[in-house]
Amino acid sequence: MSCTMDSPVQIAFGVHRNPLSGKFHGSPRMDGKHPTGRRRVFVQTETGCVLGMDLDRTDNVHTVKRRLQIALHVPTDESSLTYGDMVLKNDLDAIRPDSPLLLTRGQMHRSSSTPCLSPRGVDVQQKDKSGPIEVLGHSDCFLGARLLVKEIVKAIKNGVDPLPVHSGLGGAYYFRNVRGESVAIVKPTDEEPFAPNNPKGFVGRALGQPGFKRSVRVGETGIREVAAYLLDHDHFANVPATALVKVTHSIFNVNDGVNGNKLQNEKPMSKLASFQQFIPHDFDASDHGTSSYPVSAVHRIGILDIRILNTDRHAGNLLVRKLDGVGSFGQVELIPIDHGLCLPESLEDPYFEWIHWPQASIPFSEDELEYIQSLDPYKECEMLRSELPMIRDACLRILVLCTTFLKEAAASGLCLAEIGEMMSREFRSGEEEPSELELVCIEARKQVAERGELVARSDAAEDEFQFHIDSDDLEWDYSPKMTAADDFFTRSPPFGVNCRNPLSKLEESLEEEEESENGEQEDLVGFPVPPVPERMLSISNISKPLRTTSLGENNVKFSWTKPENGYSSSGHRSANEQLPPSASFVKVADMNEEEWTLFLEKVRELLPPAFAKRKAVTLGQKQRQRLGTSCQF
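A brief report on the enclosed structure follows. Given the structure is predicted, the values throughout are model-derived calculations rather than measurements.

**Here's the deal with the overall build of the protein chain**
Item 1. Counting its regular elements, the protein chain contains 15 helices and 20 strands.
Item 2. Scored against the burial criterion, the 633 residues of the protein chain give a buried share of 56%.
Item 3. Of the accessible surface of the protein chain, which amounts to about 27400 Å², a share of 51% is contributed by carbon and sulfur atoms.

In structure tokens:
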């Protein structure tokens, strides 16, 4: 069972703060220091090698590098030791127990003759005496994972080895119990697409570099898998138990360098990996009509996807299990898996397969609305910082932004499909255009930047004329101004935003909307061109998965194949993921805390008019469907 906001781990979470600061308030557990001064950490090189080591008060960055050099036989000069967003200088006090660290080497890259060496030999064994699988973290959140680990370790000692997953772009392995049943799926971080030891030939980048999606770095999808599980409070969406582990086995893949050629290796290799409970199931959501799926299950998964901005929710990563035995379809439950492409570092275009399902258009129930309103993104950020201290600040800001959007949208009466539509981008003539949420964020950033310019000019005036202006005497109006679309997009691009003349969906006046409702059905929400229904019809076209994609410099073609047992390391490729790298219209990491706080305030102010427009779009669509095509006016 995943962590709940009422668990003892989160008693100290009482301070609402910007998640970017990285500062913690409360118990000693959260400030990064261990009471005894001894901490176990897991250091990974950018080629995938991992070493678990125990630190004491006398250790520093230099001693850690020296121990790595001796144990792994890797050069450490001109290298940096990073801890999430933080580059460690010398002091290690900020590192919390059971944290993974990454050793990166400036501009140097591994040559084709330098394989990934793994800890082995007498000297290494004296330094790292951990078992075959070691869970990173000791909180109750990972109790289920630790129980599975005991089963697997017993099976390995009895000769039951894991099996590789042959589908998908990344490396994944089924780990089994003594009866030979798959009980967990393990995905090493260094075998992700583009990672150094990818077994499918998709290599070329070091850990920490931009990955298959530029806003999700190579080697960091496992962290997101765990984050999705931790955020699924009270098992609301049914995410299987997930944890980060250090796992050692000879089955893992090791390449000889950037060319991706496999080494013939039979010695145990230690790797960091995501570890997720394997759920027996009957099929995935792509194998059966979706109309029979429970409304509550679709809503719960959709709520989670919106909170974490899931960019790859396709039918293949929704497992279906029958609840009434073999035979008729009957009652089923949905199990969401594969959350490695959630919580991107910038506002991305999500992919929600359920957006077209009829269940998504049904209003939320009272219980669902109560759950949504109970969500506290600030406490969730504190919880993730406690359990996953290496998670990047930009990911936490995306969580805060999307959860805030969900809460406001649900309170305004929008259904799941409408919320998903507001977050999804349009594709016209091969070009991406910002989503309605992104347009709100673009305007919010513009207003933040304009306010900063006003403050700067005010400060300059004070210095020049040497007198103090009492701020109480000034009545600046910072209320949102919803102007015409042409005026909005002919201004200069906003601070930190890459804007490519997108079609405005939000900037028409309420007066124009009322006029269109009273008679001009073709301009229901003030869109000059194209009419509203065109978007509604085009969405289904872009959701169809493409069958091939070109990856990397080698122009490797990937053909879709059915994943084994419904599990894959992103085996199904969604349309969203197969398109060229998407534009980043809105970034959140480049704002300081003051700007970020003001930005969120502006977003909240701008959302009500945006929700009104979305309701008008939905109303117009329903009216057109009701009238049909045979009516003449």
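**Regarding the pairing of strand β5 (residues 99-104)**
Item 1. Within β5, six of the six residues are buried, which leaves it mostly tucked inside the rest of the structure.
Item 2. Neither face of β5 is open: one carries Ser99, Leu101 and Leu103, the other Pro100, Leu102 and Thr104, and all of them are buried.
Item 3. Of the pairings in the sheet, the one linking strand β1 (residues 39-45) to β5 comprises five bridges and is parallel in character. Within β5, the position partnered with Thr45 by the bridge is Leu103.
Item 4. Here strand β3 (residues 80-83) pairs with β5 via three bridges, running antiparallel. In the strand pairing of β5, Thr82 is matched with Leu102.

**Points about the sheet that holds strand β11 (residues 269-277)**
Strands belonging to one sheet form pairs held by backbone hydrogen bonds; the direction of such a pair is parallel or antiparallel.
Item 1. Read from one edge to the other, the open sheet built from six strands follows the order β6-β10-β11-β9-β8-β7, with strand pairing classed as antiparallel. In this open sheet, the two edge strands, each paired with only one partner strand, are β6 (133-135) and β7 (163-164).
Item 2. Together, β6, β8 (173-176), β9 (182-188), β10 (242-249) and β11 form the strand contacts of helix α3 (residues 143-157), whose direction differs from that of β11 by roughly 125°.

**Looking at the pattern of salt bridges**
Pairing is possible between side chains of opposite charge, provided their charged atoms come close.
Item 1. All chains considered together, the criterion is met by 24 salt bridges.
Item 2. Glu134 serves as the salt-bridge partner of Arg40, at 2.7 Å between the closest nitrogen and oxygen. With Arg40 in strand β1 and Glu134 in strand β6, the pair connects residues that are 94 residues apart, well separated along the chain. Each member of the pair, Arg40 together with Glu134, is buried.
Item 3. When the shortest N-O distance is used, the salt bridge between Glu191 and Lys271 registers 2.7 Å. In this pair, Glu191 sits in the loop between β9 and α4 (221-231) while Lys271 sits in strand β11, placing the two residues 80 residues apart along the sequence.
Item 4. What makes Glu191 buried here is its relative accessible area of 0%.
Item 5. Using a relative accessible area of 2% as the deciding quantity, one classes Lys271 as buried.

**Notes on the packing of helix α5 (residues 295-308) against helix α8 (residues 393-411)**
Item 1. In contact at an axis separation of 7 Å, α5 and α8 are set at 135° when each is read in the N-to-C sense. The angle between α5 and α8 places the two elements in the oblique class. Two secondary-structure elements touch here, α5 through Ile303, Ile306 and Arg307 and α8 through Ile398, Leu399, Cys402, Thr403 and Leu406.
Item 2. Its residues assigned to classes, the contact of α5 with α8 comprises six nonpolar, one polar and one charged.

Reading the values: the criteria
Residues numbered from 1 in each chain as written. Predicted model: local features only at pLDDT ≥ 70, side-chain atom pairs only at ≥ 80, totals over all residues. Heavy atoms only, no water. Helix = DSSP H or I, 4+ residues; strand = E, 2+ residues; numbered from the N terminus. Buried < 20%, exposed > 50% of the residue type's maximum accessible area, 1.4 Å probe, protein only. Areas by Shrake-Rupley, 256 points an atom, 1.4 Å probe, with all protein chains shown as cover. Pairing = 2+ DSSP bridges. Contact = heavy atoms within 4.5 Å. Axes fitted to C-alpha atoms, helices over the stretch in contact; angles between N-to-C directions. Salt bridge = Lys/Arg side-chain N within 4 Å of Asp/Glu carboxyl O. Parallel < 35°, antiparallel > 145°, perpendicular 65-115°, else oblique. Nonpolar A, V, L, I, M, F, W, Y, C, P; charged D, E, K, R; others polar.

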